[in-house]
Protein chains: 2
Amino acid sequence: MDKRRADIIAEEIEERIFDGRYQNGDRLDEVRLAEQFGVSRTPFREALQRLARSGLVELVPRRGAFVRQPGPVELMEMFEVMAEFEAVCGRLAAKRISDEALADLHDANDKCQIAVEALDPDSYYVENERFHKIIYRESGNGFLATETRNLHRRLQPFRRQQLRLRGRMAQSMEEHRAILDALEKGDSEAAANALRGHVAIQGEKFYNLLATLKNAAE
Amino acid sequence: MDKRRADIIAEEIEERIFDGRYQNGDRLDEVRLAEQFGVSRTPFREALQRLARSGLVELVPRRGAFVRQPGPVELMEMFEVMAEFEAVCGRLAAKRISDEALADLHDANDKCQIAVEALDPDSYYVENERFHKIIYRESGNGFLATETRNLHRRLQPFRRQQLRLRGRMAQSMEEHRAILDALEKGDSEAAANALRGHVAIQGEKFYNLLATLKNAAE
DNA sequence: ATCTGAGTTATTGTATACAAAACATTTGAC
DNA sequence: GTCAAATGTTTTGTATACAATAACTCAGAT
């Protein structure tokens, strides 16, 4: 049961949904797209199922596959859950993190700082991601780390937009320091709270962004 | 894209895995089982993919589908995450729960009490589940509630065994009371801690040991 | 005797053909 | 003119046929 084709197709469709080529509600025509990808309907349908699982596509029985972007409410819910996931990772990591991982965190944070000073949001994004993923891993719970990474990935396109907002990076750095502090002290509650706040703010910022977009559209 | 057949098949296979007819590592032969279910390989393979996504089956490219039960470590990880999910639900529900839902919780808890006194673990199980699902819902976050229900469902077979092992229903009732108390007071932290403890009770210390061992091995 | 390798078999992955259901269009009645 | 029914078309769901790859077997060499 080789999923390579289906995987490649699923990723490509995902890409097209993220960059807006496929809009919310668009129907994904099996025959047309399968032909476009140069495969038959069978593997293409596998890709659709995969996308349905990750929530990007809705499969309506006997009707077809439709692009399904999360609405504002669902998105806010997901950001809230993301904040809580990260908080849980932090809570566990505070008790389990290794010295080596702490050093890695410091390194990632230092590179974040450099990126802030260089006004380089792209490399900030990369290093910030590394920072967070170390914490996921150091939760010592592989299942949690995987779930958290999955949700992180799903929110990635939305997060990226809001990162560009003004003055966010500097504030983020302070929050990182608080997180590092709590982890070094092994203070679970402080680590959880710091991470929750850090990520929740992104959600709020995102909400503001949404609101402005919506106002502009009306 | 009607999933009814595939759904029915997936559920049946799931049942067979849970009740032990299919053991860990067993290969699920496409042609033999598809024939047994009276369908062709196409819908049967859809069912396999579905099972793979819920983690019960591993799809090895060009090798086939294999039953994959979580091992002890993964199981402990999942229980730990379950405890944290419930804690998050409690944290949010403490601020958002309605009076009506609180009344429902009291009702479920009363019925739990009756079940304890009647030494009726089956109806205790049912009412306890209702108790917890109310909290998921009252988190006010549909995404979180769904994720929590999914994990709950996945752990169900293991939880059931465990419940029977010890006569910890009475202890459980005390914990329920603490949870209710915190929710009524709107105390997020207390609700989260009570729920985490309630669900996590099983071998948390053992897991800490496991996690450190695992980290040390890496 | 064991290991290697070619040929065979079995099984997965993919394409296509067919069936059934939903959708659209046209025709007919009121 | 509008609504409705019926037929035709499109599209999904399923079965089957075909291709590709991995597993197995058995013969032969070291």
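For the structure itself, consult the block above.
Residues numbered from 1 in each chain as written. Chains lettered and ligands numbered in written order. Predicted model: local features only at pLDDT ≥ 70, side-chain atom pairs only at ≥ 80, totals over all residues. Heavy atoms only, no water.

(A) Focus on the relation of the copies chain B and chain A. Once turned by 180° and shifted 0.0 Å along the axis, chain B lies on chain A with an RMSD of 0.1 Å. Each copy turns onto its partner about a two-fold axis. Of the interface residues in chain B, 87% have counterparts in chain A that sit at the interface too, so the contact is made through matching surfaces. (Least-squares fit on C-alpha atoms with pLDDT ≥ 70 in both. Contact = heavy atoms within 4.5 Å.)

(B) A look at the packing of helix α5 (residues 99-117) of chain B against helix α6 (residues 121-138) of chain B. Residue and element names in this part refer to chain B. Closest axis-to-axis distance for the α5/α6 pair is 8 Å, and the angle between their directions is 160°. Judged on the interaxial angle alone, α6 and α5 are roughly antiparallel. You can see that α5 and α6 cross each other, and the crossing is left-handed. In this structure, α5 uses A101, D104, L105, D107, A108, N109, K111, C112, A115 and V116 to contact α6, whose residues at the interface are S123, Y124, E127, N128, R130, F131, I134, I135 and E138. Here the contact of α5 with α6 is composed, by residue class, of 10 nonpolar, three polar and six charged. (Axes fitted to C-alpha atoms, helices over the stretch in contact; angles between N-to-C directions. Helix = DSSP H or I, 4+ residues; strand = E, 2+ residues; numbered from the N terminus. Parallel < 35°, antiparallel > 145°, perpendicular 65-115°, else oblique. Left-handed = near helix turned anticlockwise from the far one by under 90°. Nonpolar A, V, L, I, M, F, W, Y, C, P; charged D, E, K, R; others polar.)

(C) The interface of chain B and chain A, seen in detail. Facing 39 residues of chain B, the contacting portion of chain A comprises 36 residues. Between chain B and chain A, roughly 3,400 Å² of surface is buried when both sides are summed, and carbon and sulfur atoms account for 51% of that area. Linking chain B to chain A there are six salt bridges. Across the salt bridge formed by E84(B) and R91(A), the nearest N and O atoms sit 3.5 Å from each other. There are 12 residue pairs in polar contact (both at pLDDT 80 or more) connecting chain B and chain A. Only α3 (41-53), β2 (57-60), α4 (72-96), α7 (142-165), α9 (188-200) and α10 (204-217) of chain B provide two or more residues apiece to the side of chain B that touches chain A. In terms of residue count, α4(B) provides more of the side of chain B that touches chain A than any other element does, 10 residues in total. Here the side of chain B that touches chain A is built from residues that sort into 15 nonpolar, six polar and 18 charged. (Buried area = accessible area lost by both parts, 1.4 Å probe. Salt bridge = Lys/Arg side-chain N within 4 Å of Asp/Glu carboxyl O. Polar contact = N/O pair within 3.5 Å; in protein donor to acceptor, adjacent residues only side chain to side chain.)

(D) Quick look at the pairing of strand β1 (residues 57-60) of chain A. All names here are of chain A. The two faces of β1 differ: V57 and L59 on one face are buried, but E58 and V60 on the other face are not. Note that β1 and strand β2 (residues 64-67) share four bridges and pair antiparallel. In the strand pairing of β2, E58 is matched with F66. Between β1 and the antiparallel strand that follows it, β2, lie three residues; R62 among them carries a positive phi value of about 65°. (Buried < 20%, exposed > 50% of the residue type's maximum accessible area, 1.4 Å probe, protein only. Pairing = 2+ DSSP bridges.)

(E) Representation of the pattern of salt bridges. Inspection of every chain in the model, using the stated rule, returns 39 salt bridges over all chains. One salt bridge connects R96(B) with E80(A), and the closest N-O pair in it is separated by 2.6 Å. You can see R96(B) sitting in helix α4 and its partner E80(A) sitting in helix α4 (residues 72-96), one on each of two chains. Residue R96(B) is classed as partly exposed on the basis of its relative accessible area of 39%. In this structure E80(A) comes out as partly exposed when scored by relative accessible area, which is 23%. In this structure, D181(B) and K185(B) form a salt bridge, with 3.2 Å as the shortest nitrogen-oxygen distance. With a gap of four residues between them, D181(B) and K185(B) both fall in helix α8 (residues 169-185), about one helical turn apart. According to the relative accessible area criterion, D181(B) is partly exposed, its value standing at 36%.

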